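Spelled out, the chains give:
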Number of protein chains: 2
Amino acid sequence: MIKRSKQKETILRVLRSTSSHPGADWVYDQVRREIPNVSLATIYRNLRLLKEAGYIQQADSSSEHGRFDGNTGAHYHLRCEKCGRIFDLNEPIRRSIEARVARRTGFKVTGHRLEVTGLCPECQ
Amino acid sequence: MIKRSKQKETILRVLRSTSSHPGADWVYDQVRREIPNVSLATIYRNLRLLKEAGYIQQADSSSEHGRFDGNTGAHYHLRCEKCGRIFDLNEPIRRSIEARVARRTGFKVTGHRLEVTGLCPECQ
DNA sequence: TTATTTGCAAATCATTTGCCCGAAG
DNA sequence: CTTCGGGCAAATGATTTGCAAATAA
């Protein structure tokens, strides 16, 4: 961690205390119990810093905004982390994982999404 | 499609003409070439309607906002489409797909993300 | 006709930024 | 000391919504 601070430490501890993959507002509420006057901006700032430093991850597919796909068939995606372009993959769809997860978790599984990330030939 | 309109048809055609997984603004620009006074609001409205009706998909992990994860180890996620909660899966990580994709696409692959979606026991 | 859809502008929502002050190294 | 982090409020950017007029069924 570049520079420690009470707020960074609290954010990290709060985030490690749960497996609920919370959003910034939930973290804000929790941190406020210890540091009542933290700013929401500080939460956002530090979540980003902690992520960039590798202390935490983001559970959802990057911070990308809505990207639409006219192809309704099941297929996986390949995303370039530099230019942001998304390509279709023609890997076979692995349905077996859905049944296994359904059996082990009690979920009624409706599908799955796989995204491979990296650098495209032009961006390398 | 519940009720057809020139704008819905144009949006669908534009989206099916590319595999670039564009965002709403790109679709807007394209549609404007045929219907110069479309509103961006119409684009958003119809993208949502078309998605709900199953005519198109969203390439990114739903429209979820930032969700953070204090667990930095590689792991997959299970998301409930109703309540939005995200759970960790302890499925084995399949690194083999990364090498295969790298070989076939020329990408420098840095990782992959797998998310299984469905309804959690409480939401079913 | 009658229910939907559109375009417009204003409203939201999550997230970011500018600025000045206080804290860390 | 001097740089970096924090709090606040204002700014931003994407997406949504309210509403009267236009359009599809």
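Everything below is about the structure shown above.
Note that the structure is predicted; figures quoted are calculated from it, not measured.

Enquirer: I tried to follow the layout of surface pockets on my own but got confused; where do I start?
Expert: One way to see where empty space is left: roll a probe the size of a water molecule over the atoms. Of the volumes computed, that of the second largest pocket is approximately 720 Å³. Forming the boundary of the second largest pocket are 25 residues, of which Arg113 of chain A together with Gln57, Gln58, Glu81 and Thr117 of chain B lie nearest the centre. The set of elements that each furnish at least two residues to the lining of the second largest pocket consists of β3 (76-80) and β5 (108-119) of chain A together with α3 (40-52) and β1 (57-58) of chain B. Looking at the lining of the second largest pocket, the element that brings in the most residues is β5 of chain A, giving 5 residues.

Enquirer: Would you explain the pattern of salt bridges in this entry?
Expert: Oppositely charged side chains can form a pair if their charged atoms are brought close together. Under the criterion given, the structure shown has 18 salt bridges over all chains. Here Arg85 of chain A ties to Glu122 of chain A by a salt bridge, and the two come within 2.6 Å at their closest N and O atoms. Of this pair, Arg85 of chain A sits in the loop between β3 and β4 (86-89) while Glu122 of chain A sits in the segment after β5, and the two are 37 residues apart along the sequence. Under the relative-accessibility criterion, Arg85 of chain A is labelled partly exposed at 36%. Taking relative accessible area as the criterion, Glu122 of chain A reaches 61% and is therefore assigned exposed. Between Glu91 of chain A and Arg104 of chain B there is a salt bridge, with its nearest N and O atoms 2.8 Å apart. Remark: Arg104 of chain B occurs in helix α4 (residues 96-105) and Glu91 of chain A occurs in the loop between β4 and α4 (96-105); the pair is interchain, linking two chains. Three or more residues joined by partner-sharing salt bridges are found here, namely Arg79 and Glu115 of chain A together with Arg113 of chain B.

Enquirer: Please explain the packing of helix α1 (residues 6-16) of chain A against helix α3 (residues 40-52) of chain A as it appears in this structure.
Expert: In helix packing, the relevant descriptors are the interaxial angle and the interaxial distance, both defined with respect to the helix axes. All names here are of chain A. The N-to-C vectors of α1 and α3 enclose an angle of 75°; their axes lie 10 Å apart at closest approach. With respect to each other, α1 and α3 are oriented roughly perpendicular. Every residue of α3 that contacts α1 at Gln7, Lys8, Ile11, Leu12 and Leu15 is listed here: Thr42, Ile43, Asn46, Leu47, Leu49 and Leu50. In terms of residue class, the contact of α1 with α3 is built from 7 nonpolar, 3 polar and 1 charged.

Enquirer: Explain the protein's contact with DNA strand D here, please?
Expert: Lining the immediate surroundings of DNA strand D are 20 residues, of which Ser5, Gln7, Thr42 and Arg45 of chain A together with Tyr44 of chain B lie closest. A breakdown of the atoms of DNA strand D within 4 Å of the protein gives sugar and phosphate a share of 73%. At 2.6 Å, a side-chain N or O of Thr42 of chain A approaches a phosphate oxygen of DNA strand D. With respect to DNA strand D, the backbone of Arg4 of chain B contributes an N or O atom lying 3.5 Å from a phosphate oxygen. Elements represented by at least two residues in the surface near DNA strand D include exactly α1 and α3 of chain A together with α3 of chain B. Here the surface near DNA strand D is built from residues that sort into 5 nonpolar, 8 polar and 7 charged.

Enquirer: What should I look at first to understand the interface of chain A and chain B in this one?
Expert: The extent of an interface is frequently quoted as the accessible surface area lost upon association of the parts. With 61 residues of chain A at the interface, the matching set in chain B holds 61 residues. Taken together, the two surfaces of chain A and chain B that pack against each other cover about 5,600 Å², and 55% of this comes from carbon and sulfur. Between Glu91 of chain B and Arg100 of chain A there is a salt bridge, with the nearest N and O atoms lying 2.7 Å from each other. Counting across the chain A and chain B interface gives 32 residue pairs in polar contact (both at pLDDT 80 or more). Elements supplying a minimum of two residues to the side of chain A that touches chain B: α1, β1 (57-58), β2 (68-69), β3, β4, α4 and β5 of chain A. Residue contributions to the side of chain A that touches chain B peak at 12 residues, all from β5 of chain A. Classifying every residue of the side of chain A that touches chain B by side-chain character gives 22 nonpolar, 25 polar and 14 charged. The pairing of β5 of chain A with strand β5 (residues 108-119) of chain B spans 11 bridges and is antiparallel. By the bridge assignment, Val109 of chain A is partnered in β5 of chain B with Gly118 of chain B.

Calculation notes
Residues numbered from 1 in each chain as written. Chains lettered and ligands numbered in written order. Predicted model: local features only at pLDDT ≥ 70, side-chain atom pairs only at ≥ 80, totals over all residues. Heavy atoms only, no water. 1 Å grid on protein atoms, 1.4 Å probe; cavity = no way out; pocket = protein on both sides within 12 Å on 5 of 7 lines; lining within 4 Å. Points joined across faces, edges and corners; volume = space filled by probe spheres on them. Helix = DSSP H or I, 4+ residues; strand = E, 2+ residues; numbered from the N terminus. Salt bridge = Lys/Arg side-chain N within 4 Å of Asp/Glu carboxyl O. Buried < 20%, exposed > 50% of the residue type's maximum accessible area, 1.4 Å probe, protein only. Axes fitted to C-alpha atoms, helices over the stretch in contact; angles between N-to-C directions. Parallel < 35°, antiparallel > 145°, perpendicular 65-115°, else oblique. Contact = heavy atoms within 4.5 Å. Nonpolar A, V, L, I, M, F, W, Y, C, P; charged D, E, K, R; others polar. Near = heavy atom within 4 Å. Polar contact = N/O pair within 3.5 Å; in protein donor to acceptor, adjacent residues only side chain to side chain. Buried area = accessible area lost by both parts, 1.4 Å probe. Pairing = 2+ DSSP bridges.

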